[in-house]
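Fold and contact review
Each chain is listed here by its residues.
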Amino acid sequence: MRSSPRPHARRRATGLAGLLATLFLAPPGEWARAQDPAKGLFDDDKPAAKEAEGKDKDAAKKPDRPAVPAGDTIGFTQENAAAQMTELEERMFRLSEALRGLEPENASRLRLALKFSREELILEQMRDAHKMLKGAQLSKAETEIKELLAKLEHLRNVLLAEDLDFQLKLARLRQMRETLGQLERIVKDERRELGWSRFAIDQRRSGEKLAARRPDLESLARDQKRLLDDTRALAAKKDGDHKAARAALRDREAAITKATTALAGDPVFADYQPSQLRKAEVPLKEAAEELGQAGKDLAGAVAPEEKAEAILREELKSLDGRSAAATRDLAKGEFGKHEAGQQTTRKAAEALAAASARLGDAGVALQKDLIRAGGSMQDAEKNLAKTAADPAASEQSEALDILTRSGEELAKATEKLLVQLRTELYTRLIAELTEMHEAQAYIRENTEAQAPMLAKKSRPASIAMAGLAQKEGELAGRTEQLLALVEETEFGIALPTALKVFGREMREVEGRLKETDASPQTVAMEKRIEEDLLGLLQAVRRLPPTTPPPANAPLPSDLSERERELNRLIAELKTIRLLQARLNDDTVGVDKTRTAPVPAPSATLTPALRREIEALEATQEDLRENLARIAERIEQP
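Residues numbered from 1 in each chain as written. Predicted model: local features only at pLDDT ≥ 70, side-chain atom pairs only at ≥ 80, totals over all residues. Heavy atoms only, no water.

For the rest of this paragraph, the subject is the overall build of the protein. Looking only at helices and strands, one finds 20 helices and 0 strands in the protein. Taking all 637 residues of the protein together, 39% fall into the buried category. Intrachain contacts of the protein at a sequence separation of at least 6 include 78% that bridge at least 24 residues. Total accessible area on the protein stands at roughly 35800 Å², and carbon and sulfur atoms take up 54% of it. (Helix = DSSP H or I, 4+ residues; strand = E, 2+ residues; numbered from the N terminus. Buried < 20%, exposed > 50% of the residue type's maximum accessible area, 1.4 Å probe, protein only. Contact = heavy atoms within 4.5 Å. Areas by Shrake-Rupley, 256 points an atom, 1.4 Å probe, with all protein chains shown as cover.)

In the Ramachandran plot, Lys457 falls in the positive-phi region, its phi being about 60 degrees despite a non-glycine side chain. One non-glycine residue, Glu490, adopts positive backbone phi at about 55 degrees. On the secondary structure map, Glu490 appears in the loop between helix H16 (459–489) and helix H17 (495–514).

Moving on to the side chain of Arg444. Mapped onto the fold, Arg444 is located in helix H15 (residues 389–455). Leave out the neighbours within four places in its chain, and Arg444 touches Val523, Glu526, Lys527 and Glu530.

Counting 81 residues, the largest nonpolar core has Leu370, Leu403, Leu429, Leu495, Phe502 and Leu536 as its most contacted members. Considering each element in turn, this core owes the most residues, 18 residues, to H15. Dropping the residues within four chain positions of it, Leu536 is found in contact with Leu433, Leu495, Ala498, Leu499, Phe502, Thr575 and Leu578. Membership of the second largest hydrophobic core comes to 25 residues, among which are Ala113, Ile122, Ala141 and Leu155. (Core = buried A, V, L, I, M, F, W, Y, C linked by side-chain atoms within 4.5 Å.)

This next bit is on the pattern of salt bridges. All told, the structure shown has 44 salt bridges when counted by the stated rule. Its salt-bridge partner being Lys115, residue Glu119 comes within 2.5 Å of it at the nearest N-O pair. Of this pair, Glu119 and Lys115 both sit in helix H5 (residues 104–119), 4 residues apart, which is roughly one turn of that helix. Residues joined by salt bridges that share partners form a network here, namely Glu87, Glu90, Arg91 and Arg94. (Salt bridge = Lys/Arg side-chain N within 4 Å of Asp/Glu carboxyl O.)

For the rest of this paragraph, the subject is the packing of aromatic side chains. Taken as a whole, this structure holds 1 aromatic pair when the rule is applied. Ring plane angle 85 degrees and centroid distance 5.0 Å describe the contact between Trp196 and Phe335, whose orientation is recorded as edge-to-face. Placement of Trp196 in helix H8 (residues 164–236) and of Phe335 in helix H13 (residues 332–355) is noted, with a sequence separation of 139 residues between them. Using a relative accessible area of 3% as the deciding quantity, one classes Phe335 as buried. Directly above the ring of Phe166 sits Arg428, whose terminal nitrogen or CZ lies 5.8 Å from the centroid. (Phe/Tyr/Trp six-rings, centres within 6.5 Å; stacked < 30°, edge-to-face > 60°. Lys NZ or Arg CZ within 6 Å of the ring centre and 35° of its normal.)

A separate point is the packing of helix H11 (residues 276–292) against helix H12 (residues 299–329). Look at H11 against H12: their axes get within 8 Å of each other, and the N-to-C directions meet at 160 degrees. Looking at the two axes, H11 sits roughly antiparallel to H12. The two elements H11 and H12 meet at a crossing, and its hand is left-handed. Judged by residue contacts, Gln276, Leu277, Lys279, Ala280, Pro283, Leu284, Glu286, Ala287, Glu290 and Leu291 of H11 engage Gly300, Ala301, Pro304, Glu305, Lys307, Ala308, Ile311, Leu312, Glu314 and Glu315 from H12. (Axes fitted to C-alpha atoms, helices over the stretch in contact; angles between N-to-C directions. Parallel < 35°, antiparallel > 145°, perpendicular 65-115°, else oblique. Left-handed = near helix turned anticlockwise from the far one by under 90°.)

Bringing the packing of H17 against helix H19 (residues 559–592) into the picture now. Put simply, H17 and H19 touch, their axes get as near as 10 Å, and they point 35 degrees apart. Relative to H19, the crossing made by H17 is left-handed. Counted together, Leu495, Thr497, Ala498, Val501, Phe502 and Glu505 of H17 and Glu572, Thr575, Leu578, Leu579 and Asp586 of H19 form the full contact between these two elements. Its residues assigned to classes, the contact of H17 with H19 shows 6 nonpolar, 2 polar and 3 charged. (Nonpolar A, V, L, I, M, F, W, Y, C, P; charged D, E, K, R; others polar.)

Once that is clear, we can look at the confidence of the model for the protein. Mean pLDDT over the protein: 82, with 84% of residues reaching 70 or higher. Taken as a whole, residues 1–52 scores under 50 in pLDDT and shows 60 contacts with residues more than four places along the chain or in a different chain. (pLDDT = per-residue confidence, 0-100.)

Bringing helix H14 (residues 361–385) into the picture now. For H14, which comprises 25 residues, the first-to-last C-alpha distance of 37 Å matches the rise-based estimate of 36 Å (1.5 Å per residue) to within 8%. Along H14, the residues that are buried comprise Gly363, Leu366, Asp369, Leu370, Ala373, Gly374, Ser376, Met377, Ala380, Glu381, Asn383 and Leu384. Immediately downstream of H14, the backbone of Thr387 shows phi near 55 degrees, a positive value. (Expected span 1.5 Å × (residues − 1).)

Here we come to the side chain of Gln396. Residue placement: Gln396 occurs in helix H15. Here the side chain of Gln396 touches Ser197 through a polar contact of 2.7 Å, side chain to side chain. When neighbours within four sequence positions are excluded, Gln396 is seen to be in contact with Glu190, Glu193, Leu194, Ser197, Gln342, Ala380 and Leu384. (Polar contact = N/O pair within 3.5 Å; in protein donor to acceptor, adjacent residues only side chain to side chain.)

Our next topic: the environment of Leu533. Locating Leu533 in the fold gives a position in helix H18 (residues 520–540). Looking at Leu533, the relative accessible area reads 1%, which means it is buried. Measuring from C-alpha to C-alpha, the distance between Leu533 and Thr434 comes to 8.0 Å, with 99 residues separating the pair along the chain. Discounting residues that sit within four places of it in the chain, Leu533 has contacts with Leu433, Met436, His437, Gln440, Phe502 and Met506.

Now for the environment of Ala254. Looking at the secondary structure, you find Ala254 in helix H9 (residues 243–264). In this structure Ala254 comes out as partly exposed when scored by relative accessible area, which is 41%. Each C-alpha atom, one on Ala254 and one on Ala287, is 9.1 Å from the other, the two residues being 33 residues apart in sequence.

Laid out in structure tokens, this is it:
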């Protein structure tokens, strides 16, 4: 049960009332005549009594006028609502500027509401709805107006929010996360551009080396071809002493083999696989051996010489192909493509720099870094336009260093804000869970009290049950709101699962209470929710708001920090145990609802039973994943 508002809360409420009065009180006219634009939008003819009397008197004096079509009337009402929305946005802007120095909190509230209105395009959506109504597209218009009403309700909540500071921090967190995501994409793109520039540098150097080694390889292939021709010529001679000639051929083959081995060891050829030069060494050595055996037929040396000459020619052809590929990679068109890519990345950085001012101090530092990085990127563009990869890579490397450092600083600022939000959320969780536990106990006690009267078909008891159902629905709504905050602030591992399970149970109890079900089963469910809320409250008290250490990291050496991390583990494990115990009870309960004594195939399950089993399976999977994440936090022996 909630206590009465604190004095400062009452003062804040008074200030908000004055703020809204200033916003919405306008001189007589269209603005004053329509405080609620949606009210009566699709109502039938329900004029006030005075208006009816006035119309009767006017009807006696004036001739009958043709009736205005209902679509035109509704369209005019929607157009009027759009005009009022335009006036409201203008008033919010002017009032936020006027209150900037006098009431900064209310000025921030107005700016936040105005930002939401413009980002959600409420005014444009109203105009679209007006066009649909004029075109008699009532079904589409109804859907559009329902969305508008939801957005207007959120706008009202923003203007009346008591935890404005928390909401502003939450909005800042979303902006910082969005900025981090954009910065990461820019870093990724810049790293890709730097990678290509370095590839271009490698290709240029490789091309230079290939060009420098080509004459040596061409000389080897040419010498081998001459040697092959001389060997064939000597083999064709039938008379005379060939011993000296064979020795000369052998020496020449040995010199070619030695030069081939030396060239094969050059990184230009050694790092390229497969290396044809290494393959040429074998037939070259065979040919030298054949030439060194006096009296043996020279035809035995011709075959390996032919094979070696073919290999050398193949290697020369491969080298020319690699040189051509390097030339293609360094073509003017390729540099132009990456110049355009670098320009796109620079423009993205400049756009992010312009938007980063909204992030406060962290945004100012980021803006400066992005401007500096943009300057380096622009210099890199100019160098790429000149096909100068070396200086372009240098500028890109500098830009990448700036962007990486900025990302790390922004991540630290985001983490700092997260800890602040979790600290505030921790206090809110304790207060909310305490109030929800008391409210759940109140609902359970009243459900028990109404059970005897419901058995007698008491109408007051049925009305009281409807009120209890509404209260249970409010508890479920609060639980869902807490779940959204916990997930957004990444507070706890098992806490989101617990809130999700509790919210589902509360919705089930709400349905039972709506059906005036005060049976012992309903009371047992209420009592279990009551116990679960108390158990979760005890676990949350031990959950620190700081960010846990990385997975598989050892516990801190500092005793206070070590105790804090141990408390975190204990809180998480307590929550897991609580949920696993409840899941086991639910599994046993669902199993008892089976009509067959043995597990039946899934095809024979009723739809309701299948949904219950699927819900249990999903919860068990969540618990398994939560436990795996908790296990990563435990220090390994």
